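These are the residues of each chain, in order.
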Amino acid sequence: MVAINKETIESNGAAPTADEENQDLSVPLVEPEKKGSSGGDAGTSAKSSGLSESPAFWLLMLFLASVTMTVGNKYVMREWGDFANTLTLLQNGAAVLYLSGSRALGLLEMKPITGQQWRVFAATAFFLTMQIFTSLKALPYVAIATVVVFRNTCTVVIAIIDYFFFGNKFSKLQMASLALTTAGMLIYAGQDINFNLMGYLWLAGNSAATIINTFWNKIFITKYTKELKIQTSYGVSLVQQIETLPIVFVLAAFNNEGGAYIAYTPLALPAKLTILATCAGGILIGIAYPKCFSLLSGTSVVVASTANKAVSILLGMWLFGTRLSVMQIVGLVVCIVGSLWYALEGKRKR
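Model, not experiment: these values are computed from the prediction.

### As for the pattern of salt bridges
Okay, step 1: Summed over the entire model, instances satisfying the criterion amount to two salt bridges.
Okay, step 2: With a closest N to O distance of 3.7 Å, Lys218 and Asp162 form a salt bridge. Here Asp162 lies in helix α5 (residues 144-165) and Lys218 lies in helix α7 (residues 197-227), a separation of 56 residues in the sequence.
Okay, step 3: Residue classification places Lys218 among the partly exposed residues on the basis of a relative accessible area of 31%.

This is the structure we're talking about:
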């Protein structure tokens, strides 16, 4: 599964919201283009043409990828069974093939990969694996809305750690938005009629992995890609994705997932196609995000991402028969509004 390195896109003028998708902090698969940039000879400006430069097209791609990864993963885990690591092997394997192939064809720039990079990025690969693993394990037990609430809670915890340990300052409006997000989370959790202890424990583990990985990326990945320039974001992504594979393989062995193919064979065609779609979606979301940021304002992408979450929640309720109490819906709306407000305030602050 390939997602977005917020630090990398941030250096190009914008960043996705802090709670996006599965919080799998990898890197964009296409370089975000700065608005107004020009290429070629002096006086020749780049002109937007066709679908490749259409904001509407890339917003649609972002929507499809986002919903596929959120709803699709839950559907696959329900239909296929407890084969979270096998699914991760397929998704991350697809990402490795994409990155390796693009490197071989010269489509993505990567610097030589050294032993030191393998050692440093191994920690990120481990935390990334834990994020994906815990997220997939939680999905059969909880509603998609619950996943969204936990991800927004991660935003609050990350902001608190940023404030006390990294000296990051927040405006009064940002603090108010974080308080609103927390209030929404507490209302939702306190009224969760679908509460499942196992699901909540897996999401707690997912939150811990997300928070740790965020700050590991903040300290080390940023240093290698932006300060020392030892490796490009693409190179970091390739190393991380490759290093996740043996970890996931070991987890699959411990989880006795040797029967994955036997369980796959009788699956209905929609389930098999969804597995394929999640593999493609993991790659597409890494392409669509930076492309959207290159064509639209950061605020527009944040709003679009929030809309994608709302659609995923509604689609999940319809597809999986999920019911929410009135107070849960209130808490969910408050939590999402608070998270959106925080993201927008953060962009105004920049």
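Next comes the rest of the write-up.
### Some remarks on a nonpolar patch on the surface
Okay, step 1: A cluster of nonpolar residues, Ile160, Tyr163, Phe164, Phe165, Phe166 and Ile219, forms a patch on the protein surface that exposes about 660 Å² of accessible area.
Okay, step 2: Counting residues per element, the nonpolar patch draws most heavily on α5, at four residues.
Okay, step 3: The exposure class assigned to Tyr163 is partly exposed, which follows from its relative accessible area of 37%.

### Let's talk about the nonpolar core
Soluble globular proteins: nonpolar side chains tend toward being buried together.
Okay, step 1: Membership of the largest hydrophobic core comes to 37 residues, with the highest contact counts inside it found for Trp80, Leu87, Leu136, Tyr188, Ile313 and Leu332.
Okay, step 2: Apart from the residues lying within four places of it in its own chain, the contact partners of Leu136 are Asn73, Met77, Ala84, Leu87 and Thr88.
Okay, step 3: Among the nonpolar cores identified, the runner-up in size contains 16 residues, and Ala94, Cys279, Cys292 and Leu296 belong to it.

### Quick word on the packing of helix α3 (residues 84-104) against helix α4 (residues 115-138)
Okay, step 1: The contact between α3 and α4 brings their axes to 9 Å, and the two run at 130°. The orientation of α3 relative to α4 falls into the category oblique. The element α3 and its partner α4 pack so that their crossing is right-handed. Across from Ala84, Asn85, Leu87, Thr88 and Asn92 in α3, the residues of α4 making contact are Ile132, Phe133, Leu136 and Lys137.

### Let's talk about the environment of Leu340
Okay, step 1: Position of Leu340 among the secondary structure elements: in helix α12 (residues 326-349).
Okay, step 2: For Leu340, a relative accessible area of 21% corresponds to the partly exposed category.
Okay, step 3: Taking the C-alpha atoms as reference, Leu340 lies 7.0 Å from Thr306; in sequence the two are 34 residues apart.
Okay, step 4: If we ignore the near neighbours within four places in the chain, the residues touching Leu340 are Val302, Val303 and Thr306.

### Concerning helix α8 (residues 233-254)
Okay, step 1: The end-to-end C-alpha separation of α8 is 32 Å, in line with the 32 Å expected for 22 residues at 1.5 Å each.
Okay, step 2: Phi for Asn256, located one or two positions after α8, is positive at around 55°.

### With respect to the packing of α5 against helix α11 (residues 298-320)
Okay, step 1: Their axes nearest at 8 Å, the elements α5 and α11 cross at an angle of 150°. Considering their axes alone, α5 and α11 lie roughly antiparallel with respect to each other. In this structure, α5 contributes Ile144, Ala145 and Val148 to the contact, and α11 contributes Lys309, Ser312, Ile313, Gly316 and Phe320.
Okay, step 2: Residues of the contact of α5 with α11, tallied by class, amount to five nonpolar, two polar and one charged.

What counts and how
Residues numbered from 1 in each chain as written. Predicted model: local features only at pLDDT ≥ 70, side-chain atom pairs only at ≥ 80, totals over all residues. Heavy atoms only, no water. Salt bridge = Lys/Arg side-chain N within 4 Å of Asp/Glu carboxyl O. Helix = DSSP H or I, 4+ residues; strand = E, 2+ residues; numbered from the N terminus. Buried < 20%, exposed > 50% of the residue type's maximum accessible area, 1.4 Å probe, protein only. Patch = residues over 30% accessible without salt bridge, like charges linked within 9 Å, V, L, I, M, F, W, Y side chains within 5 Å. Areas by Shrake-Rupley, 256 points an atom, 1.4 Å probe, with all protein chains shown as cover. Core = buried A, V, L, I, M, F, W, Y, C linked by side-chain atoms within 4.5 Å. Contact = heavy atoms within 4.5 Å. Axes fitted to C-alpha atoms, helices over the stretch in contact; angles between N-to-C directions. Parallel < 35°, antiparallel > 145°, perpendicular 65-115°, else oblique. Left-handed = near helix turned anticlockwise from the far one by under 90°. Expected span 1.5 Å × (residues − 1). Nonpolar A, V, L, I, M, F, W, Y, C, P; charged D, E, K, R; others polar.

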